[in-house]
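Residues per chain, in single letters:
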Amino acid sequence: MGADRAQRTPAGNREPQREKTKVNRSFGLMAVLGVFLVLAGLVGLVYTGLATLTSMFLFGWLLLIGGVVGLVQAVQSRGSSYFWLAVIVAAINIAAGFVILRRPEASAEALTMFAALLFLTGGLFRLVGALVVRGANFGLALVQGAFGVLLGFLILSNWPGNSLYVIGTFFSLALLFDGLSLIAMGMGARRILGLVREDEAGTAAGTETGVARGGARGGREASGRRSGTDQQLTLS
């Protein structure tokens with residue numbers, strides 16, 4: 001019985017250890033991926049034209065692949081009520097993907113114009129909403145609205161000459177901040193796992209010390225009982 005229990009205990013302790021190792025490795029891979037994204041973002045900020053063309057090609061391929069997948073799904077569910085709607089959406093995605101892949105520069109100009117109008121209208125709505133509502137975050141809403149309007153005007157004032165680097169700059173900044181967040185998450189999670197391991201090691205050490213003390217106390221009590229019994233037998 002004791003031998004079987006001793007053989008079972010290491011195997012039972014091995015499974016949580018493997019899970020912790022897998023989790024630790026996953027967070028390590030997350031941090032490594034974050035480093036690659038940060039490097040890609042920095043390279044994109046240096047070569048903004050290349051980043052713009054790369055983002056256009058990625059966007060075009062995503063639209064093209066998404067349209068083909070959507071068309072296949074629409075054909076598979078051709079008996080449903082939304083068949084023609086799915087076909088139209090898939091055809092638009094495929095056509096947009098082809099246009100972007102064939103004319104990436106013109107597509108970058110169109111997306112730059114769209115981004116400028118989006119910043120401009122979003123900033124105006126924030127400004128008007130902040131002035132009308134005047135809530136607790138009035139100052140922050142004003143700053144955000146003014147920044148959006150200013151950014152929209154700056155992009156429109158240099159359009160279409162700035163279309164070769166605006167999209168690439170936004171794309172590179174997104175990669176940079178995503179990479180930094182992944183690095184922070186991975187390193188923070190590994191630090192938390194290390195603290196949990198230290199707590200578990202301290203708890204296990206305290207448990208073993210308590211068991212050893214309890215065993216020693218029990219041995220002393222048993223020896224005292226035997227001494228008392230021996231003394232009673234001797235007196236009798």
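Residues numbered from 1 in each chain as written. Predicted model: local features only at pLDDT ≥ 70, side-chain atom pairs only at ≥ 80, totals over all residues. Heavy atoms only, no water.

Asker: Is there a simple way to explain the overall build of the protein chain in this structure?
Answerer: The secondary structure content of the protein chain amounts to six helices and zero strands. Taken from the N to the C terminus, the helices and strands of the protein chain come in the order α-α-α-α-α-α. Considering only contacts within the protein chain whose residues lie at least 6 apart along the sequence, 80% involve residues at least 24 apart. About 16,300 Å² of surface is accessible on the protein chain, with carbon and sulfur atoms providing 69% of the total. (Helix = DSSP H or I, 4+ residues; strand = E, 2+ residues; numbered from the N terminus. Contact = heavy atoms within 4.5 Å. Areas by Shrake-Rupley, 256 points an atom, 1.4 Å probe, with all protein chains shown as cover.)

Asker: Is there a simple way to think about the packing of aromatic side chains in this case?
Answerer: Aromatic ring pairs are reported here in terms of the distance separating the ring centres and the angle at which the planes meet. Summed over the entire model, instances satisfying the criterion amount to two aromatic pairs. Relative to F170, the ring of F119 has its centre 5.6 Å away and its plane inclined at 65°; by these criteria the two rings are edge-to-face. In this pair, F119 is assigned in helix α4 (residues 104-133) and F170 in helix α6 (residues 166-235), connecting sequence segments 51 residues apart. Under the relative-accessibility criterion, F119 is labelled partly exposed at 29%. The partly exposed category is assigned to F170, whose relative accessible area is 30%. (Phe/Tyr/Trp six-rings, centres within 6.5 Å; stacked < 30°, edge-to-face > 60°. Buried < 20%, exposed > 50% of the residue type's maximum accessible area, 1.4 Å probe, protein only.)

Asker: Is there a simple way to explain helix α2 (residues 48-76) in this structure?
Answerer: Every α-helical turn comprises 3.6 residues, leaving residues that sit three or four positions apart pointing alike. With 29 residues, α2 should reach 42 Å at 1.5 Å per residue; the first-to-last C-alpha distance of 42 Å fits that figure. Considered for burial, the residues of α2 that qualify are T48, A51, T52, S55, M56, G60, L63, L64, G67 and A74. (Expected span 1.5 Å × (residues − 1).)

Asker: What should I look at first to understand the nonpolar core in this one?
Answerer: Here is a general trend for soluble globular proteins: nonpolar side chains tend to be buried in one another's company. Counting residues in hydrophobic clusters, the biggest one holds five residues: M56, L63, I100, A108 and I167. When neighbours within four sequence positions are excluded, I167 is seen to be in contact with T52, S55, M56, A108, L111 and T112. (Core = buried A, V, L, I, M, F, W, Y, C linked by side-chain atoms within 4.5 Å.)

Asker: Teacher, can you tell me more about the side chain of T112 here?
Answerer: By the element assignment, T112 lies in helix α4. Given a relative accessible area of 0%, T112 falls into the buried group. Contacts of T112, omitting those with residues within four sequence positions, involve I155, W159, N162, S163, V166 and I167.

Asker: How do you make sense of the packing of α2 against α4 when you look at a structure like this?
Answerer: Between α2 and α4, the shortest axis-to-axis distance is 10 Å and the interhelical angle comes to 95°. Judged by the inter-axis angle, α2 sits roughly perpendicular to α4. Along the contact surface, α2 presents T52, L53, M56, F57 and F59, while α4 presents P104, E105, S107, A108 and L111. The class makeup of the residues in the contact of α2 with α4 is seven nonpolar, two polar and one charged. (Axes fitted to C-alpha atoms, helices over the stretch in contact; angles between N-to-C directions. Parallel < 35°, antiparallel > 145°, perpendicular 65-115°, else oblique. Nonpolar A, V, L, I, M, F, W, Y, C, P; charged D, E, K, R; others polar.)

Asker: Looking at this structure, I do not really get the confidence of the model for the protein chain. What am I missing?
Answerer: When pLDDT drops low, the exact placement of atoms in the prediction is not to be read closely. When pLDDT is averaged across the protein chain, the result is 78; 71% of the residues are at 70 or more. Taken as a whole, residues 1-9 scores under 50 in pLDDT and shows zero contacts with residues more than four places along the chain or in a different chain. (pLDDT = per-residue confidence, 0-100.)

Asker: So what exactly am I meant to see when it comes to the environment of V166 here?
Answerer: Here V166 is to be found in helix α6. For the pair V166 and T52, spaced 114 residues apart in sequence, the C-alpha to C-alpha distance is 7.5 Å. Non-local contacts of V166, meaning those with residues more than four positions away in its chain, are made with T112 and I155.

Asker: How should α4 be read in this particular structure?
Answerer: Under the 1.5 Å per step criterion, the end-to-end length of α4 is 42 Å for 30 residues, consistent within 8% with the ideal 44 Å. Where α4 is concerned, the buried positions are P104, S107, A108, T112, A115, A116, L120, G123 and A130. Immediately beyond the C-terminal end of α4, within one or two residues, lies R134, with a positive phi of roughly 55°.

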